Amino acid sequence: ETRLMYVRNKSMPTLPNFPAPWLILGTWCDFSAAFYLPGVAPRTFRYGDKVELKVNKLTSVHTQMPLDYYALKFCKPPGEIEQATENLGEFLSGDRIENSPYQLFMEQDQFCKVLCEVYLKANDVAALTAVIEEEYHHNWIIDNLPAASIVDSEQYIITAYAGGFPVGYRDRKSTYLFNHVNIIVEYHPLDDGSRVVGFYVEPFTVSHRMVSGLPGEGSDLATEQALEACDKSGPMVYESISAKQEVHVGPVIFSYDVLWRPSNIKWASRWDIYLSMDNAVPDKVHWFSIVNSLLIVIFLSVMVAMIMIRNLHRDIVRYNRSLSDEEKAEEREESGWKLVHADVFRPPARLPLLFCVSVGTGVQVLACAAICIVFAALGFLSPANRGSLATALLVLFVLMGSFAGYSSARVYKTFKGQQWQKSTAQLALSRFRPCFHCSLCGLESLSPWCSSARTVDTNMRQ
């Protein structure tokens, strides 16, 4: 690196009278080449490098209460469970990102890998059954990329890019647990390595047994013989499953396959398929909505403009006509649109201070939303930086409070108010009102959360 720096400096022309500001600007530009957005910088893996798979909270569309991944009887990593560092946005959204026992290595396929064996007791069965009935889903992460799910059945194959993949499913007969997964990772090859550009999980429910019989709990499954239900030469397929893993008291073996697929998708475009849901919603719907809204706005604007022009023209004709002697004697007062100027800056008859506080709050929300949209358009609030949007909203809302206080006080002084400090203080105190309403809403929704949590906790303690 020293040699490269020397060659670079040596190749530069000698400028004895080079202005100092240009030197500073050139130095700043040189350093700016190494600038990147936190959480958005790509990570390059070489062949055989370990690719960490992390697990997040369990979520459901039927309840708002998330569950910790290791609160249920799943395989745990050796040693301690390590929780990833979270920002304010992740903390507020309830994320709990932790490590996992899955072993993935760049561009190395693995088939019929045994993860662990767990023994389900009665309370574990009750907890898993309740979670599956609520349709909870796993949320796995590789290189900040969430897992898309591929659910295979006898009738169809569904690929979903939001919400993770289910813990299991229930039919009329019994409840089944997804204890085998095909982990499909797409990578984009480069000269100095590869980058992860796609992550899919295809879950299966398989009743595993070792070729020489099922070992006891706690045995080293890595040294045991192969499983009967899967093949070391290829990934698991739905047609090869002879028996499904029911949720009942007894041992359960978790296994997985890892498949690496090269892809032409570049790292900068890997989120496009998540945002478009693989073109599940056609673009025509958006264009139709935009054109429909524009036509309605233009039609209403033309109608209002015609009415205003008609009234204005009638008033102007009346004002321009010559007055008779009787009208001059009466000194006719102004009427029509000329009276508008007297009503524009007239303070409200009641609660003018409340009006000023409302104006300040509107300025605060509008400025916060506008700046967030600008930062998101520039790429600072990338979805790869998890929780950045919520953090930016909170920080900007607090910072825009200064603009809200100034706007509120300015409007109050426009109304010829004498105590503009009172307007600023009331604006600050008004922030406690939404906090109070949020607290009431939280207490109202706390009872079903506590009920669900009590049900899961009771099932796990029994």
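Residues numbered from 1 in each chain as written. Predicted model: local features only at pLDDT ≥ 70, side-chain atom pairs only at ≥ 80, totals over all residues. Heavy atoms only, no water.

## Some details on the pairing of strand E8 (residues 148–152)
Among the 5 residues of E8, 4 are classified as buried, and the element is accordingly described as predominantly covered. Examined bridge by bridge, E8 and strand E14 (residues 193–204) share 2 bridges and lie parallel to one another. Of the residues in E14, the one forming a bridge with Ser 149 is Val 201. Two elements, E8 and strand E9 (residues 157–160), share 4 bridges in a ladder whose sense is antiparallel. In the sheet register, Ser 149 faces E9, and the bridge partner there is Ala 160. (Buried < 20%, exposed > 50% of the residue type's maximum accessible area, 1.4 Å probe, protein only. Helix = DSSP H or I, 4+ residues; strand = E, 2+ residues; numbered from the N terminus. Pairing = 2+ DSSP bridges.)

## Topic: the sheet that holds strand E6 (residues 140–142)
Taken in spatial order, the 4 strands line up as E3-E1-E6-E7 in an open sheet, and their pairing is antiparallel. Here the strands that pair on one side only, and so sit at the sheet edges, are strand E3 (98–99) and strand E7 (145–146). Note: E6 against E7, 2 bridges, orientation antiparallel. Bridged to Ile 142 within E7 is Leu 145.

## Quick word on the side chain of Asp 257
On the secondary structure map, Asp 257 appears in strand E15 (residues 250–262). Engagement of the side chain of Asp 257 in a polar contact is seen with the backbone nitrogen of Met 236, the distance being 2.8 Å. Beyond its immediate stretch of four places on either side in the chain, Asp 257 contacts Gln 110, Phe 111, Cys 112, Lys 113, His 180, Val 181, Asn 182, Ile 183, Gly 234, Pro 235 and Met 236. (Polar contact = N/O pair within 3.5 Å; in protein donor to acceptor, adjacent residues only side chain to side chain. Contact = heavy atoms within 4.5 Å.)

## Quick look at the packing of aromatic side chains
According to the stated counting rule, one finds 12 aromatic pairs in the structure shown. Its guanidinium or amino end placed over the ring of Tyr 176, Lys 244 lies 5.5 Å from that ring's centre, counting from NZ or CZ. (Phe/Tyr/Trp six-rings, centres within 6.5 Å; stacked < 30°, edge-to-face > 60°. Lys NZ or Arg CZ within 6 Å of the ring centre and 35° of its normal.)

## Things to note about helix H10 (residues 388–399)
For H10, spanning 12 residues, the distance from its first C-alpha to its last is 16 Å, which sits close to the expected 16 Å at 1.5 Å a residue. Those residues of H10 not exposed but buried are Ser 388, Ala 392 and Leu 396. Down the axis of H10, the buried side of the element spans an arc of 55°, and every buried residue falls inside it. For H10, the secondary structure elements touched by its buried residues are helix H9 (352–378). (Expected span 1.5 Å × (residues − 1). Arc of directions from axis to C-beta.)

## Focus: the state of the cysteines
Here the structure, examined in full by the defined rule, presents 1 disulfide. A sulfur-sulfur distance of 1.7 Å marks the disulfide that ties Cys 75 to Cys 116. Its S-S torsion of approximately -85° makes the covalent link between Cys 75 and Cys 116 left-handed. Taken together, the residues span a long stretch of sequence, with Cys 75 in the loop between strand E2 (59–60) and helix H3 (88–92) and Cys 116 in strand E4 (residues 110–120) at a distance of 41 residues. Exposure remark for Cys 75: the relative accessible area of 5% places this residue in the buried category. Residue Cys 116 is classed as buried on the basis of its relative accessible area of 17%. (Disulfide = S-S within 2.5 Å.)

## Topic: the packing of H10 against helix H11 (residues 401–414)
Interaxial distance between H10 and H11 falls to 4 Å at its minimum, and their mutual angle equals 35°. In this structure, H10 uses Phe 397, Val 398 and Leu 399 to contact H11, whose residues at the interface are Gly 401, Ser 402 and Phe 403. (Axes fitted to C-alpha atoms, helices over the stretch in contact; angles between N-to-C directions.)

## Looking at the sheet that holds E14
An order of E4-E15-E13-E14-E8-E9 is seen for the 6 strands of this open sheet, with the pairing classed as mixed. The open sheet is flanked by E4 and E9, the only strands paired with a single partner. Strand-to-strand twist across the sheet, computed as the mean angle between neighbouring axes with direction ignored, equals 20°. Pairing of E4 with E15, which is carried by 8 bridges, proceeds in the antiparallel orientation. Within E15, the position partnered with Glu 117 by the bridge is Ile 253.

## Thoughts on the confidence of the model for the protein chain
Of the residues in the protein chain, 71% reach a pLDDT of 70 or more, and the chain-wide mean stands at 76. For the protein chain, helix H1 (residues 2–11) is the element with the lowest average pLDDT, namely 33, and strand E13 (residues 180–190) is the one with the highest, namely 93. Throughout residues 214–224 the model reports pLDDT below 50, and contacts reaching past four residues in sequence, or to other chains, amount to 20 contacts. This stretch, residues 447–455, has a pLDDT under 50; its non-local contacts, to residues over four places away or in other chains, come to 5 contacts. (pLDDT = per-residue confidence, 0-100.)

## Things to note about the side chain of Ser 194
Mapped onto the fold, Ser 194 is located in strand E14. In terms of polar contacts, Ser 194 uses its side chain to reach the side chain of Glu 107, at 2.8 Å. Apart from residues no more than four positions distant in its own chain, Ser 194 is found in contact with Arg 43, Thr 44, Phe 45, Met 106, Glu 107, Tyr 187, His 188 and Pro 189.

## Thoughts on unusual backbone geometry
For Glu 135, which is not a glycine, the phi torsion comes out positive at approximately 60°. Within the secondary structure, Glu 135 sits in the loop between helix H4 (122–133) and strand E5 (136–138). A residue is classified by how much of its surface remains accessible, and Glu 135, at 39% relative accessible area, is partly exposed.

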